[in-house]
Amino acid sequence: MAAAGAARVLITRPMTAAVNARAQLGFDVEIRQSTAPMSPEEMIESLRAFDVVVPTLGDAYSAEIFAAVTDPRCKLLANFGVGYNHIDVAAARAAGLEVTNTPGAVTDATADIALTLMLMSARRAGEGERLVRSGSWQGWHPTQMLGLHLSGKRLGIVGLGRIGDAIARRAHFGFGMEIAYVARSDKETSYPAERAESLLALAASVDMLVIAVPGGAETRHLVGAEVLAAMPPHAHLINIARGEVVDEAALIAALETGQIAGAGLDVYEFEPKVPAALRALDCVTLLPHLGTATEEVRSAMGHMALDNVAAYLAGEPLPNRV
Ligand code: NAP
C-alpha cells in the first residue's frame, strides 16, 4: 500500500467530466490528454513514476513492458473496462502488481449494441441506409432488400457470461428467440437455454451466432474457417467481444463466398485497422467499438476503476481484482 497523500495516480485517457472531477478531487492524479494508446516508452515510464495506473483498451502492458522495469513503483493497474486482454496479468503479478477491471458496469450497454448489430445485420439496415443516402433508392417493392426475420429464430451465444446472458434475455423475451450456447460451465438461466456439445455443433444449428467471450490466448481465433463453414448459409455472425476471437481473414473469405449471409462487428482483429475487403462488403455492419459508449456507462466504469484505486490506497481489499 502506498501512503494516500504521497501516492501518484496516472489515468491514461481523458475520462468523462464526472470521473475527471472525482479523480482530481481525491487523488494526486495526472490525466494523460491523448486519446491514443500509450507507447511502450510511456508504459515503462508509468510503472516507474506512478503508484497506480488506470489503463484501458490498447495500452498493451505486455511481459516485455514489465521486464523493462526493475522494482516498479506501480503496484496496481486499475483497468478501465471489463476486458483486460491487453494486460499480461501473470507478468503483472510476477512483477508485484495487482490488476482490477470494471465488470457489470458495461453489461447492458454492450448487450444493447449486440442487439443493434443483430437487427442491423439481419435486416440489412446499414446497406439500406447507404442506399437512401446515395440518392439512388427507386422506392418500395415486395421483394426489395429482403433480410432475415429474427423473431422466433435460434440464437447461439459463444460465452454465456454477464453480457452473453443479457443478450440472451433481450433476444428471448423481446424477440421470442430460442437460445443455445457454449461456455466452460453449465449456466442457470431465467429462460430456456440449451448448452451445445461443441462450438461446431452450435454454429451448425443457429440462425445467428453472437460472440461474447473474453479475448486473450485461450480464445484467439476460436471462430475460424471451420466454425464459419459449419454455419448455415443464411446465418449471421455478430462480434461484440474482442476482434482476435475471430480469424478476420477467414471471416472475409466466408462472407465473400456467401458461406454465411452477413456479419455485424463492433470489434476488429487489428483494431482500429479494418481491412478494405471487409469495408467493401455490403453484407457487413461495422461499428467503431461502441459497446459501452454512453456518458452514464463510461462514468460508471470510471467510478468503478476509481473505487479500486481508492480501496488500494486505503489498504482495503480490491473490489474487482481479476
Ligand atoms: P464474463 O461474465 O466473464 O463472461 C465470459 C463468458 O465467456 C463466460 O460465460 C465464460 O464461461 C465464457 N468463456 C470464457 N472462455 C471461454 C472459452 N474458451 N470457450 C467458451 N466460453 C468461454 O465476461 P463479460 O462481462 O460478459 O464480458 C465478455 C467480454 O466482452 C469481455 O471480456 C470484453 O472483452 C468484451 N466486451 C466488449 C465490449 C465492447 O465495447 N464491444 C464491452 C464490454 C465487454 P464460464 O463462465 O463457464 O467460464
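Caption draft 1: Structural context of the overall build of the protein chain. Across its full length, the protein chain carries twelve helices and twelve strands. If you line up the protein chain on its principal axes, its C-alpha atoms span 70 × 45 × 35 Å. Out of the 322 residues belonging to the protein chain, those deemed buried represent 48%. Within the protein chain, contacts between residues at least 6 apart in sequence are counted, and of these 63% link residues at least 24 apart. Carbon and sulfur atoms provide 55% of the accessible area of the protein chain, an area that totals close to 14700 Å².

Caption draft 2: Representation of the pattern of salt bridges in the model. Tallying each qualifying case throughout the model produces 18 salt bridges. Between Asp59 and Arg13 there is a salt bridge, with its nearest N and O atoms 3.0 Å apart. One end of the pair, Asp59, is in the loop between strand 3 (52–54) and helix 3 (63–67); the other, Arg13, is in the loop between strand 1 (8–11) and helix 1 (17–26), and 46 residues separate them in sequence. Overall, Arg13 belongs to the buried group, its relative accessible area being 8%. Among the ionic pairs, Glu42 bridges to Arg32, the shortest N-O distance being 2.9 Å. Taken together, the residues Glu42 in helix 2 (residues 40–49) and Arg32 in the loop between strand 2 (28–31) and helix 2 connect sequence positions ten residues apart.

Caption draft 3: Representation of the sheet that holds strand 5 (residues 98–100). What the five strands build is an open sheet, ordered 2-1-3-4-5; its pairing is parallel. Where the open sheet ends on each side, the last strands, each with one partner, are strand 2 and strand 5. This sheet shows a mean twist of 20° between the axes of neighbouring strands, independent of strand direction. Strand direction decides the pairing type here: strand 4 (residues 76–78) and strand 5, joined by three bridges, are parallel. In the strand pairing of strand 5, Ala78 is matched with Thr100.

Caption draft 4: Main features of the site of the ligand. Close to the ligand lie 26 residues; Ile163, Arg184, Ser185, Lys187 and Ile240 are nearest. Arg184 places a polar side-chain atom, nitrogen or oxygen, 2.8 Å from an oxygen atom of the ligand. Against a free-state accessible area of 940 Å², the protein chains account for coverage of 87% of the ligand. Partitioning the shell around the ligand into residue classes produces eleven nonpolar, nine polar and six charged.

What counts as what
Residues numbered from 1 in each chain as written. Predicted model: local features only at pLDDT ≥ 70, side-chain atom pairs only at ≥ 80, totals over all residues. Heavy atoms only, no water. Helix = DSSP H or I, 4+ residues; strand = E, 2+ residues; numbered from the N terminus. Buried < 20%, exposed > 50% of the residue type's maximum accessible area, 1.4 Å probe, protein only. Contact = heavy atoms within 4.5 Å. Areas by Shrake-Rupley, 256 points an atom, 1.4 Å probe, with all protein chains shown as cover. Salt bridge = Lys/Arg side-chain N within 4 Å of Asp/Glu carboxyl O. Pairing = 2+ DSSP bridges. Axes fitted to C-alpha atoms, helices over the stretch in contact; angles between N-to-C directions. Near = heavy atom within 4 Å. Polar contact = N/O pair within 3.5 Å; in protein donor to acceptor, adjacent residues only side chain to side chain. Nonpolar A, V, L, I, M, F, W, Y, C, P; charged D, E, K, R; others polar.

Any functional reading would require information that these geometric values do not contain.
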